[in-house]
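The residues making up each chain are set out below.
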Amino acid sequence: MSVTPSQEERGTRPVSLSLPVEGFVDVARLVVGGAASQFTLGFEAIDDIQLAVETILRAGLIDGDRATLELASDSESLAISIGPIRPAALDQPIVDAESKTIDPLALLRQLVDFAEPRREPAPVLILRKSLAPSA
Amino acid sequence: MQPEHHEPDSREQLIEEYMPLVRSLARRFAGRGEQFEDLVQVGSVGLIKAIDRYDPNRGVELASYAVPTIIGEIKRHFRDRVWPVSVPRRLKENSHRVSVALEELTSDLGRSPTIPELSHASELDQEQVLEALEVGRAYSVRSLSAPHEGEDEFSETDRLEALGSEDAAYEVAEDRAVLAGGLVELDEREQRIIHLRFFEGLTQSQIAVEIGISQMHVSRLIRKALETLAGKIEIEEG
C-alpha cells in the first residue's frame, strides 16, 4: 500500500514559510527544493526555482528583514509567492552600483516560466514553474 | 609521436594529438569523487603547460615529459578541491553517487531527471538525494574558476577556456544588456556560463556539454555568479 500522496493531493497542501532574510537563504533553498521535489520536476527545474528564490532574497528586494514564501500548485504549475517586496523594486529600472541596468525580472524569467510582481493586497513577486515534463 | 617543434600553429594540433594521453591519465583518478570530464579538463591544463615548456633539444619525448606535469595538475586539483566544512564520508559518497546518476540519467533520458528517478538510480531514498545535492553544492569551485594563490594562473584559466570553446563575445547589444553591468564582476568562466544561460537560453545540461564539465558543476558556477550579481543590485528609492 502506497502512502505517497499523489501529485493532485500535494497540490492541496500549500507550504508557507516565514523567515529572516539575513542568514536564512540556505534554509529557504532547502524548503523550496524539498517542496518542489514532490512534483514531476527535473533536477534542473528544481535548481532553477531555488536559484530564483535565492536571487530574490540575496538581491535586497525584500522590504524589511523578514520574508514570507508561499508555495502552492495546481495541475499545471507550481507557484511561489515571495514578499513583501520593496515597492521601488517593482519599478524599472533597478540599477547597480555603477548605474548600469540590471533587471532582476528578466533574469528570473530565464529561471522560471512566469515572474511578475503583484501589488495588491501586498507587494509580492509571483513565480510560476510549469509542472509539464521538461525537455 | 615525436614532435619536432611546437610553433603556435601546431600547438592546437599537439593538444589534440595528446588528449588521449590526458584521458588515459585522468581515468586513473576517476571514481574519487570527481567527474571524469572535469579531470580531463584539468589534465589538459597540465598538457598545455608541458607543450609550452617542452624543449625537443633535450632528447626527451613530449609524452614522457608531459605525463608528470599532467598528473601533477590533476593531483593539485584534488588537493585544492576543498570542502568548506567538514563533510562526513557518507555524505561525500552519496554526493558522488547522485552526481554520477545525474549525468547518466540526463544522457540516457535526454532531459533532467526527477528526484524519484535519481533516488532509484542511486539507490538512495529521496531525502538522501536532496541531501546529497545540497552537499554537492557546498563543494568548493575555487580551483576551476579562480587563480590559485601565489601563482600566475590567470593565463591557465584562459587556456582552460580556450580548449574546445568558441570565442566568447560578451559585449551584448545594449538592449539586451540587462545583466551586462554586473558581468564585469565575474571571472571569464562565470561570464561565459551566465552568457550561455541567460543570453543564449541554454539549459544547465546543454552548458555542461558546451563547456565540457559536469551539470552539477555548472549549477555551482551559476549559483556563485548569481550570488555575485545579486550583491551588485542597488535599489533607488523613489
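Structure: above.
Residues numbered from 1 in each chain as written. Chains lettered and ligands numbered in written order. Predicted model: local features only at pLDDT ≥ 70, side-chain atom pairs only at ≥ 80, totals over all residues. Heavy atoms only, no water.

1. Topic: the pattern of salt bridges
All told, the structure shown has 19 salt bridges over all chains when counted by the stated rule. We note a salt bridge from Lys49(B) to Glu73(B), for which the minimum N-O separation is 3.0 Å. Of this pair, Lys49(B) sits in helix α2 (residues 36-53) while Glu73(B) sits in helix α3 (residues 62-80), placing them 24 residues apart in sequence. Taken as a pair, Lys49(B) and Glu73(B) share a single burial class, namely buried. Within the structure, one salt-bridge network assembled from shared partners comprises Asp26(A), Arg29(A), Asp47(A), Glu54(A), Arg58(A), Glu134(B), Arg223(B) and Glu227(B). (Salt bridge = Lys/Arg side-chain N within 4 Å of Asp/Glu carboxyl O. Helix = DSSP H or I, 4+ residues; strand = E, 2+ residues; numbered from the N terminus. Buried < 20%, exposed > 50% of the residue type's maximum accessible area, 1.4 Å probe, protein only.)

2. A few points about the side chain of Arg197(B)
With respect to the element layout, Arg197(B) can be found in helix α10 (residues 188-199). If sequence neighbours within four positions are ignored, Arg197(B) has contacts with Asp48(A), Gln110(A), Leu111(A), Leu202(B), Ile207(B) and Ile222(B). (Contact = heavy atoms within 4.5 Å.)

3. Quick word on the packing of aromatic side chains
A ring pair, where both rings are aromatic, is described by two values, the distance of the centres and the angle of the planes. In this structure the tally under the stated criterion is one aromatic pair over all chains. A cation over an aromatic ring shows up here: Arg197(B) above the ring of Phe198(B), its NZ or CZ 5.5 Å from the ring centre. (Phe/Tyr/Trp six-rings, centres within 6.5 Å; stacked < 30°, edge-to-face > 60°. Lys NZ or Arg CZ within 6 Å of the ring centre and 35° of its normal.)

4. Remarks on the environment of Ser219(B)
Position of Ser219(B) among the secondary structure elements: in helix α12 (residues 215-232). Taking relative accessible area as the criterion, Ser219(B) reaches 0% and is therefore assigned buried. With residues near it in sequence (within four places) discarded, Ser219(B) still touches Phe43(A), Asp47(A), Arg137(B) and Gln204(B).

5. Describing the pairing of strand β2 (residues 66-73) of chain A
Residues in a regular strand point their side chains to alternate faces of the sheet. Residue and element names in this part refer to chain A. Side chains Ala67, Leu69, Leu71 and Ser73 project from β2 onto a buried face, and the interleaved Arg66, Thr68, Glu70 and Ala72 project onto a face without burial. Pairing of strand β1 (residues 15-20) with β2 involves six bridges; the strand directions are antiparallel. Pairing of serine 16 across the sheet is with glutamate 70, part of β2. Adjacent in sequence and paired antiparallel, β2 and strand β3 (residues 77-83) are bridged by three residues. (Pairing = 2+ DSSP bridges.)

In short, the description is geometric, and any link to function would need to be established separately.
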